[in-house]
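Chain by chain, the residues:
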Amino acid sequence: MEGTLFEGIEPKEVEITGGTVEVPILYHDVFAVAGVFVAPTLALKELLPTSKLVPVEFLPGKGLLGFMAADYRDTSIGPYKEVIIFVPTRYRPRFNPPLFPVLRMSFSLSFEVFIWHLPLTSELGLHAGIDIWGLPKFLADIDFTQDEKTVTCTLAEEGEHILTLEVDKHSARMKTYFDYTIFSVKDRELLQTHVSGVSDALGRSFKPGNARLTLGEHPISRQIREVAPGKSIMTLYIPKQQLILPEAQERLAL
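All of the points below concern the structure found in this document. Predicted, not measured: the structure shown is a model, and the values here were computed from it.

**Re a nonpolar patch on the surface**
Logical step 1: Where nonpolar side chains cluster on the molecular surface, the patch consists of L99, F100, L103, F107 and F206 and spans about 490 Å² of accessible area.
Logical step 2: When you line up the elements, F107 lands in helix α3 (residues 100-108).
Logical step 3: You can call F107 exposed: its relative accessible area is 53%.

So this is what it looks like as structure tokens:
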């Protein structure tokens, strides 16, 4: 699996705050869980930097807000943890019917997302993410616990609880190739970055309520509460995956 994904890649050095980093960043061993929650479309639109990005809708007036917790155990910039808070979107769609884009993303595992918040535990990852991609990163405390049935990730900043994400485990049997198109803003441009990956074993569920979110009183907690996410409709349990994060392939006008 790893040999085919990383074959032929020739990283180059890119200057960032405090030093350099090789890009693409290679993720050799990643553990991750995710929960995708229903949220009002109007509230989600307020999170996006341009009207050219449109939230996908599960139902009329109901879009999605996602939370992925990742433990990057082995990467080309060292191990670290991260929580990705994202809005599944489409860029300038000719049509944006409810449900169909959601089903396509869910079954193909080909996601287009705007990254809203991106807390992490690595200072090198912080500077690389901000300087190269304009990602909304900040340093935080991220802890994982798990038992036979669930994985729990707790996110805090300087001791203040932001959120706890609890995701039910599901049988991870399916070998899957997937890709994420990430939208971010840098230098008044919308950057579009295609992340590719593969997992030998992935568990997925569409049972409502298989992920739970508990919010604190941190400013980001209050922002999430204002968006008013409801029940989860999709979860992912990925014991191991590999990823490639290249530089942005496209720069688009806002």
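**Considerations on empty space enclosed by the protein**
Logical step 1: According to the stated counting rule, one finds one cavity of 30 Å³ or more in the structure shown.
Logical step 2: The computed volume of the largest cavity comes to approximately 420 Å³.
Logical step 3: Residue lining of the largest cavity: 28 residues in total, with Y72, I84, I115, Y180 and I182 positioned closest to the centre.
Logical step 4: Put simply, the parts of the chain that give the lining of the largest cavity at least two residues each are β3 (25-40), β6 (62-75), β7 (80-91), β8 (110-120), β13 (174-186), β14 (189-205) and β16 (232-245).
Logical step 5: Taken together, the residues that form the lining of the largest cavity break down as 23 nonpolar, three polar and two charged.

**A short note on the pattern of salt bridges**
Logical step 1: Tallied over the entire structure, the rule returns eight salt bridges.
Logical step 2: D168 is the partner of R212 in a salt bridge, and the nearest nitrogen-oxygen pair spans 2.8 Å. Residue R212 is found in strand β15 (residues 211-215), and its partner D168 is found in strand β12 (residues 160-168); the two are separated by 44 residues along the sequence.
Logical step 3: The salt bridge partner of E217 is R225, with a shortest N-O separation of 3.9 Å.
Logical step 4: Residue classification places E217 among the exposed residues on the basis of a relative accessible area of 51%.
Logical step 5: Exposure remark for R225: the relative accessible area of 37% places this residue in the partly exposed category.

**Some points on the layout of surface pockets**
Logical step 1: Of the volumes computed, that of the largest pocket is approximately 160 Å³.
Logical step 2: Lining the largest pocket we find 14 residues, and of these L64, V102, S106, I233 and M234 sit closest to its centre.
Logical step 3: Listing elements by their share of the lining of the largest pocket, those giving two or more residues are α3 and β16.
Logical step 4: Considering each element in turn, the lining of the largest pocket owes the most residues, five residues, to α3.
Logical step 5: When grouped by side-chain class, the residues that make up the lining of the largest pocket number 13 nonpolar, one polar and no charged.

**Some words on the side chain of T75**
Logical step 1: Along the chain, T75 turns up in strand β6.
Logical step 2: With relative accessibility at 9%, the residue T75 sits in the buried group.
Logical step 3: Reaching out from T75, the side chain makes a polar contact with the backbone nitrogen of I77 at a distance of 3.0 Å.
Logical step 4: Other than its neighbours up to four places away in sequence, T75 contacts L26, Y27, H28 and Y80.

**Thoughts on the pairing of β13**
Logical step 1: Of the pairings in the sheet, the one linking β8 to β13 comprises five bridges and is parallel in character. Residue V113 lies in a different strand from β13, and its bridge partner there is I182.
Logical step 2: Pairing analysis gives twelve bridges linking β13 to β14, with the strands arranged antiparallel. By the bridge assignment, S184 is partnered in β14 with L191.
Logical step 3: Here β13 folds back onto β14 in antiparallel fashion, the turn holding two residues, of which D187 has a positive phi close to 50 degrees.

**Description of the packing of aromatic side chains**
Logical step 1: Within this structure, the stated rule accounts for nine aromatic pairs.
Logical step 2: Aromatic pair Y72 and Y80: ring centres 4.7 Å apart, planes at 55 degrees, arrangement tilted. Both residues of the pair, Y72 and Y80, belong to the buried class.

Conventions and cut-offs
Residues numbered from 1 in each chain as written. Predicted model: local features only at pLDDT ≥ 70, side-chain atom pairs only at ≥ 80, totals over all residues. Heavy atoms only, no water. Patch = residues over 30% accessible without salt bridge, like charges linked within 9 Å, V, L, I, M, F, W, Y side chains within 5 Å. Areas by Shrake-Rupley, 256 points an atom, 1.4 Å probe, with all protein chains shown as cover. Salt bridge = Lys/Arg side-chain N within 4 Å of Asp/Glu carboxyl O. Helix = DSSP H or I, 4+ residues; strand = E, 2+ residues; numbered from the N terminus. Buried < 20%, exposed > 50% of the residue type's maximum accessible area, 1.4 Å probe, protein only. 1 Å grid on protein atoms, 1.4 Å probe; cavity = no way out; pocket = protein on both sides within 12 Å on 5 of 7 lines; lining within 4 Å. Points joined across faces, edges and corners; volume = space filled by probe spheres on them. Nonpolar A, V, L, I, M, F, W, Y, C, P; charged D, E, K, R; others polar. Polar contact = N/O pair within 3.5 Å; in protein donor to acceptor, adjacent residues only side chain to side chain. Contact = heavy atoms within 4.5 Å. Pairing = 2+ DSSP bridges. Phe/Tyr/Trp six-rings, centres within 6.5 Å; stacked < 30°, edge-to-face > 60°.

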